[in-house]
Protein chains: 4
Amino acid sequence: VKAGIINVTGYGGAELARILSRHPELDVVSVTGRSSAGKRLAEVFPHLSGTDMPITEELEGETDIVFSALPHAASAERLMPLIEAGTKVVDFSADFRLKDAAVYSEWYKVDHPSPTTLQSAAYGLPELNRDEIRTSNLVANPGCYPTASILALAPAVAAGLITEDVIIDAKSGVSGAGRALSLNTHFSEVDENVKAYSVGGHRHMPEVTQELGRINPGPELRLTFLTHLIPMVRGILVTGYAPLNTGVTGTGETAAARVREAYEEYYRDEPFVTVTDEPPATKQTLGANNCLIYPTIDPRTYRLIVIACIDNLVKGAAGEAVQNANIMLGLPETAGLQQLALYP
Amino acid sequence: VKAGIINVTGYGGAELARILSRHPELDVVSVTGRSSAGKRLAEVFPHLSGTDMPITEELEGETDIVFSALPHAASAERLMPLIEAGTKVVDFSADFRLKDAAVYSEWYKVDHPSPTTLQSAAYGLPELNRDEIRTSNLVANPGCYPTASILALAPAVAAGLITEDVIIDAKSGVSGAGRALSLNTHFSEVDENVKAYSVGGHRHMPEVTQELGRINPGPELRLTFLTHLIPMVRGILVTGYAPLNTGVTGTGETAAARVREAYEEYYRDEPFVTVTDEPPATKQTLGANNCLIYPTIDPRTYRLIVIACIDNLVKGAAGEAVQNANIMLGLPETAGLQQLALYP
Amino acid sequence: VKAGIINVTGYGGAELARILSRHPELDVVSVTGRSSAGKRLAEVFPHLSGTDMPITEELEGETDIVFSALPHAASAERLMPLIEAGTKVVDFSADFRLKDAAVYSEWYKVDHPSPTTLQSAAYGLPELNRDEIRTSNLVANPGCYPTASILALAPAVAAGLITEDVIIDAKSGVSGAGRALSLNTHFSEVDENVKAYSVGGHRHMPEVTQELGRINPGPELRLTFLTHLIPMVRGILVTGYAPLNTGVTGTGETAAARVREAYEEYYRDEPFVTVTDEPPATKQTLGANNCLIYPTIDPRTYRLIVIACIDNLVKGAAGEAVQNANIMLGLPETAGLQQLALYP
Amino acid sequence: VKAGIINVTGYGGAELARILSRHPELDVVSVTGRSSAGKRLAEVFPHLSGTDMPITEELEGETDIVFSALPHAASAERLMPLIEAGTKVVDFSADFRLKDAAVYSEWYKVDHPSPTTLQSAAYGLPELNRDEIRTSNLVANPGCYPTASILALAPAVAAGLITEDVIIDAKSGVSGAGRALSLNTHFSEVDENVKAYSVGGHRHMPEVTQELGRINPGPELRLTFLTHLIPMVRGILVTGYAPLNTGVTGTGETAAARVREAYEEYYRDEPFVTVTDEPPATKQTLGANNCLIYPTIDPRTYRLIVIACIDNLVKGAAGEAVQNANIMLGLPETAGLQQLALYP
């Protein structure tokens, strides 16, 4: 199977190239870049010297599937001809994640270039939407925060264990901000430091409410979603809080057991989600396509506390994209994704 | 004024020695250690070579004020004779923070050695209890998390801006765990990693509910308090969430303004608390005795979001201890504490 | 092929388990631990849950090859019966690296338990000793510093490009110090810090002189070897300096070209050594079994400057052990070792 | 005494503002910036809110001494009118460090704007040139690497303990690269990474040879000087290597003693240089104006090994500038510089 990568030169694209280099079925035949077009991949990323090839301005040759790691707006624009031609596409950007073009405009401050396409795109979180992904030619790869956040809360929402008053406090490493230069990613500013950012509202929030809303169309989620930047390269950890619906969970020790049971049941057959016995740490996911989830309760206040973590560039981006591609192409879902985390 | 430091060899004690070395009125005349007794201070901490002295087993000579940086239980035991003799004491441990000996026993798993002393101790958060501290000979220096947490929420609680459903998501650097050896502070385990810990309940929680309860004796706080370890040495950042009491704050833009006004008013004359215009970062407090607080609201859900940060070893420990001592001794409250943060 | 790992619970052993989990031919059938015996591997190392098994006190069942990650002295003691029984063994410790038992005693402060075995052991640096490794049942896996140091200098020594006055300034991440607890690996002490250590002489030095001496039995190397600890988890970078033998290299631009040519020639067919066009960075080796080497000259002083880096736990330990095992077993040398570096 | 700071908005300038805020005699009355002119200091650097003032394009009001933290070339251009008017000036840039305009042009790739001024400038390393600084109106503040490097080697050169074959292997934190944006200071690229840079020759080298040459005008130093970037914010550690002149030092144990004695003697009365008993660590200098030096020998090869470290923004920049200003103004040399290092 021949694959192309549009904009390989960001961290998401480079990580995709790395993962696909060990994929048993998918061959990367063409990669594009913007400022780096004309160079070779190993020149820009020496760690990819084992999978070197030229970086071109446009995709070259035939491709069975195309991954785009362009930013929003630019991605949709570049992909529309491919989508219309029926090429299978996995898009890393936000362009096809939201079903409602008005919500897209509100958060991304641009009109959507092709609102009619939104309904035909699948939101690429396999654990929720596997069937839809299988039959779609256009898959919107979720954001890194939403992957962890939705997986953290889906079992509780699906089973009605919590009320709609959800708070997600998220912590991310710096690679989530990409490779572009900014004082916000300058080592001397970021190291030995933690701060909240996008306090007025992070763009990844509407994906979370949309997808959790699809699971359980009850009262709309009243979500507060706040992101923090912490001094590490890879990894996202989200901590979710919500009042238990004690009518469903009961109280006392049965509440905790009921919660745990719901999570274990929900993810029983998932190859890339593990419900853990101890609070997980991002380092346990470094370089691996797994999401670790620890659900528990605060017995003093009967709130759900759920902690989830991923490698933002793998399960939160490139690994999830490969997982989606495997599903779209009818390959084993775990193909190319069995690397264990690097520890320590 | 002659000061003694009991157990100077942890991070809290060493930081106290550093701060006092520049204090215009307080002279450290004696320091004790446990395993390091017999060595010199500069041998254990080369950065203190400018303020060298022998480390002894017991305090030597006369002292007007004694700081204890011993762990809980050991501290009370060592201090009781001094307290009974009327020596002024600032205790870094948890031994005199809680008013209720039963709560102490529940969280610290030991019986309190002197329950009757608890009522006479002042909880050493000057911004709340300045008058009490001034007239007390025994001041319990707050924990690092409680300092940031209580200061973050006090104005909202005092003004009745929020309901009792409070969530605090706290993030701490590693020095908060002290100098003792543990896999939890091993560089290779902690670096490039974030995780929640003490998920079942952190010992610092009862201080927070006690002190906020004293501000506003309405319905008891239903607090969920969760701590996370992040890969940096110094700094604590707490993010507080609570539903606005919209009967008090109103809605729309007036709510945000009302919240901000309450915070600015509450801390108007405080030398060490700043209400900031932008979300603060721990690095802005490195080595300084200040607490930065940013209150805002989530306009989608009408929740208070308040972010506060400190240097856990300064405003969260040694700096606050000096602030308390200054008050107890009738010195200017800012004496020895005017160092600006080191940045970057 | 059935493999056993003795002392899987250090970083070297755990990394070996991770690498072998993806090896196409080698199956780990038994792992031992000391304090962790009785637990399961995934309990101690959650990132290995994909390759879980019990940790026992002794190896169980039949094994075709045994890896020992025990410390020196303990390793030889445990391995002697296996060695005498003719089992293929790769030893991570220093016990079989030095040919001279007196040198071993001088640096490791214990008598060697089996001096007569030393001559039959192969020093497991495949790029220098591939044939010897192929025919040996006992391979001493090199230390992490020696792997980088010997590979950095071997081409220059072999071609007589430099005099014997060699200085190696080495920088290591903290994982090289292992998982044991020490103030030297305490996060708060190590982070944002750099220092030299073992200034009186590091135990890895005699391996370097021994192996470089075998390449070119001219005048003995006058080596100064100094190690520094830097605040990162994985990675070693060594910088080597030596006067050019300008009788061999010539002067002017030909000297630099001559040096480069010698390095490229020496490593032309090596799968795991790359002579780079730019100074390499340890991050380009993270998780990968490669050594990057950049040779150049200081044209002002006619000194060789050579920079080499590796992941100390992979090419400096577990990856190299697998490479050795592949050779010993007649498998393709790269089997199980083709993972690209994780970047960033 | 009224001071002005030109270009306060880099790390050197901001650190100077921080240090001067606690200076008992010097008052900062005017600060300039380039892109930040029109803002207030506390807006750009919240940690300086305790010493706030407007940032202007040009210095305003009268100043007794001016510090320039502009880059080279721009600095000389801006300072020439002040120098000609006889204002006391401390320049952080390289513009007045080198005595030979041709050497300046070779390394900085621009013609020097005022070659005739070079001879009248003092090289601002007080430990070597105190008298010259005292009587000069123009002091060139040394580079961060040269401060550590020259102090590390001066006693050995002065006493003739070593030959001219000197190698300096230097390691620096990232703040030395300034606040400008670059992939070389991007957190995700720099963290968990070490690499050599400027391998072809670092601009700070000629200062080192110039100043060491002035100490002992024997055979010219044959210096190899190589810099490495390590993942921390502040701190420089240099490791120097040179053959002992055993005719002077003797051999055996007397050599080490002779070396140590020479260093202790050379720095006996220096307030900001400490000859240490153990290898120093950069963290012992964080925020402090001290240089720690550990001289020893390699007894196997009779080479000097000398390790020195500083905080690059303090003793390597702003602190040294204040030290120079104190000398120029006839103030106590230690005024405003007595802060102990922050540890951990």
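The structure we're discussing is the one just above.
The rules behind the values
Residues numbered from 1 in each chain as written. Chains lettered and ligands numbered in written order. Predicted model: local features only at pLDDT ≥ 70, side-chain atom pairs only at ≥ 80, totals over all residues. Heavy atoms only, no water. Pairing = 2+ DSSP bridges. Helix = DSSP H or I, 4+ residues; strand = E, 2+ residues; numbered from the N terminus. Axes fitted to C-alpha atoms, helices over the stretch in contact; angles between N-to-C directions. Contact = heavy atoms within 4.5 Å. Buried area = accessible area lost by both parts, 1.4 Å probe. Salt bridge = Lys/Arg side-chain N within 4 Å of Asp/Glu carboxyl O. Polar contact = N/O pair within 3.5 Å; in protein donor to acceptor, adjacent residues only side chain to side chain. Nonpolar A, V, L, I, M, F, W, Y, C, P; charged D, E, K, R; others polar. Patch = residues over 30% accessible without salt bridge, like charges linked within 9 Å, V, L, I, M, F, W, Y side chains within 5 Å. Areas by Shrake-Rupley, 256 points an atom, 1.4 Å probe, with all protein chains shown as cover. Buried < 20%, exposed > 50% of the residue type's maximum accessible area, 1.4 Å probe, protein only. Least-squares fit on C-alpha atoms with pLDDT ≥ 70 in both. Phe/Tyr/Trp six-rings, centres within 6.5 Å; stacked < 30°, edge-to-face > 60°. Arc of directions from axis to C-beta. Disulfide = S-S within 2.5 Å. Parallel < 35°, antiparallel > 145°, perpendicular 65-115°, else oblique. Left-handed = near helix turned anticlockwise from the far one by under 90°.

Chemist: Is there a simple way to explain the sheet that holds strand S10 (residues 222-229) of chain B in this structure?
Modeler: Pairing between the strands of a sheet is mediated by backbone hydrogen bonds and can be parallel or antiparallel. Residue and element names in this part refer to chain B. Strand order in the open sheet formed by 7 strands is S9-S10-S8-S11-S14-S13-S12, with mixed pairing between adjacent strands. Since the sheet does not close on itself, it has two edges, and those belong to strand S9 (195-197) and strand S12 (273-275), each with one partner. Sheet twist, expressed as the mean angle between neighbouring strand axes with direction ignored, is 25 degrees. Contacting strand S8 (165-172), S9, S10, strand S11 (236-243), S12, strand S13 (291-298) and strand S14 (303-310), helix H6 (residues 144-158) runs over the sheet at an angle of about 140 degrees to S14.

Chemist: Looking at this model, I keep getting lost on the interface of chain C and chain A. Mind explaining?
Modeler: Interface extent is often summarised as the accessible area lost during association of the parts. Taken together, the contact between chain C and chain A spans 28 residues of the former and 28 residues of the latter. Summed over both sides, the interface of chain C with chain A buries roughly 2,400 Å², with 63% coming from carbon and sulfur. Put simply, chain C and chain A have 0 salt bridges between them. At the junction of chain C with chain A, the criterion picks out 6 residue pairs in polar contact (both at pLDDT 80 or more). The class makeup of the residues in the side of chain C that touches chain A is 12 nonpolar, 9 polar and 7 charged.

Chemist: Please clarify how a nonpolar patch on the surface should be interpreted in this entry.
Modeler: Residues Leu181 and Leu183 of chain A together with Leu181 and Leu183 of chain D make up a contiguous nonpolar surface patch of roughly 310 Å² in combined accessible area. Within the secondary structure, Leu183 of chain A sits in the loop between strand S8 (165-172) and helix H7 (187-190). Looking at Leu183 of chain A, the relative accessible area reads 33%, which means it is partly exposed.

Chemist: Help me out: how do you make sense of the relation of the copies chain A and chain B in this one?
Modeler: The two chain copies are related to each other by a rotation about an axis together with a translation along it. Under the fitted operation, chain A is carried onto chain B by 0.0 Å of movement along the axis and a turn of 180 degrees, and the coordinates agree to an RMSD of 0.0 Å. As the rotation angle and translation indicate, the two copies are arranged about a two-fold axis. Using C-alpha coordinates, one finds that chain A approaches the rotation axis most closely at Pro231 of chain A, a distance of 3.2 Å. An overlap of 100% is found between the interface residues of chain A and their copies at the interface of chain B, pointing to a shared contact surface.

Chemist: Help me understand the interface of chain A and chain B in this model?
Modeler: Listed by partner, the interface residues are 47 residues for chain A and 47 residues for chain B. Interface of chain A and chain B: buried area, both sides summed, is about 3,900 Å²; carbon and sulfur atoms make up 57% of it. Here chain A and chain B share 4 salt bridges between them. Note that Arg303 of chain B and Asp165 of chain A form a salt bridge whose closest N and O atoms lie 3.0 Å from each other. Taken together, the links from chain A to chain B amount to 36 residue pairs in polar contact (both at pLDDT 80 or more). Taken together, the elements giving at least two residues each to the side of chain A that touches chain B come down to S8, H7, strand S9 (195-197), strand S10 (222-229), strand S11 (236-243), strand S13 (291-298) and strand S14 (303-310) of chain A. In terms of residue count, S8 of chain A provides more of the side of chain A that touches chain B than any other element does, 6 residues in total.

Chemist: Sorry if this is basic, but what is going on with the packing of aromatic side chains here?
Modeler: Each aromatic ring pair is specified by the distance between its two centres and by the angle formed by the two planes. Residue and element names in this part refer to chain C. In total, this model carries 16 aromatic pairs over all chains according to the counting rule given. With a centroid separation of 5.7 Å and an interplanar angle of 85 degrees, the aromatic rings of Tyr145 and Phe225 are classed as edge-to-face. Taken together, the residues span a long stretch of sequence, with Tyr145 in helix H6 (residues 144-158) and Phe225 in strand S10 (residues 222-229) at a distance of 80 residues. A single burial state applies to Tyr145 and to Phe225, both of which are buried.

Chemist: How do you make sense of the relation of the copies chain C and chain A when you look at a structure like this?
Modeler: After a rotation of 180 degrees and a shift along the axis of 0.0 Å, chain C superposes on chain A with an RMSD of 0.0 Å. Interface overlap between copies: 100% of the residues of chain C at the interface are likewise at the interface in chain A, consistent with a symmetric, same-surface contact.

Chemist: Looking at this structure, I do not really get the sheet that holds S13 of chain A. What am I missing?
Modeler: Residues and elements named next belong to chain A. If you trace the 7 strands from one edge of the open sheet to the other, you get S9-S10-S8-S11-S14-S13-S12, paired in mixed fashion. Looking at strand neighbours, the two that pair on one side only are S9 and strand S12 (273-275), the edges of this open sheet. Going from strand to strand, the sheet's axes swing by 25 degrees on average, the running direction of each strand aside.

Chemist: It is not clear to me how helix H3 (residues 74-84) of chain B should be interpreted in this structure. Could you clarify?
Modeler: Along an α-helix, residues three or four positions apart point the same way, because every turn accommodates 3.6 residues. All names here are of chain B. Within H3, burial applies to Ser75, Ala76, Leu79, Met80 and Ile83. The buried residues of H3 occupy an angular sector of 135 degrees when the element is viewed end-on, so they sit on one face. For H3, exposure combined with an orientation more than 90 degrees from the buried face picks out Glu77 and Pro81. Where H3 is buried, its residues touch strand S1 (2-6), strand S4 (65-68), strand S5 (88-91) and strand S7 (138-140). Gly86 lies just past H3 and shows a positive phi near 85 degrees.

Chemist: When you look at the state of the cysteines in this model, what are you seeing that I'm missing?
Modeler: In protein structure, a disulfide is the covalent linkage between the sulfur atoms of two cysteines. Per the stated rule, a full pass over the model turns up 0 disulfides over all chains. No disulfide involves Cys291 of chain C; its sulfur sits 7.0 Å from that of Cys309 of chain C, the nearest cysteine.

Chemist: Explain the packing of helix H1 (residues 11-21) of chain C against helix H11 (residues 314-329) of chain C to me, please; I cannot follow it from the model alone.
Modeler: The packing of two helices is summarised by the inter-axis angle and the distance between the axes. Residue and element names in this part refer to chain C. Taken N-terminus to C-terminus, the directions of H1 and H11 make an angle of 50 degrees; their axes are 9 Å apart at the nearest point. When the interaxial angle is binned, H1 and H11 end up oblique. Crossing angle aside, the handedness with which H1 passes H11 is right-handed. Across the interface between the two elements, Gly12, Glu15, Leu16, Ile19 and Leu20 of H1 pack against Val314, Ala318, Gly319 and Val322 of H11.

Chemist: What am I meant to see in helix H1 (residues 11-21) of chain D here?
Modeler: For H1 of chain D, the buried fraction is high: 10 of the 11 residues fall into the buried class. Among all positions of H1 of chain D, only Tyr11, Gly12, Gly13, Ala14, Glu15, Leu16, Ala17, Arg18, Ile19 and Leu20 of chain D are buried. Each element contacted by the buried residues of H1 of chain D is listed here: H7 of chain A together with strand S1 (2-6), strand S2 (27-32), helix H2 (41-44), strand S4 (65-68) and helix H11 (314-328) of chain D.

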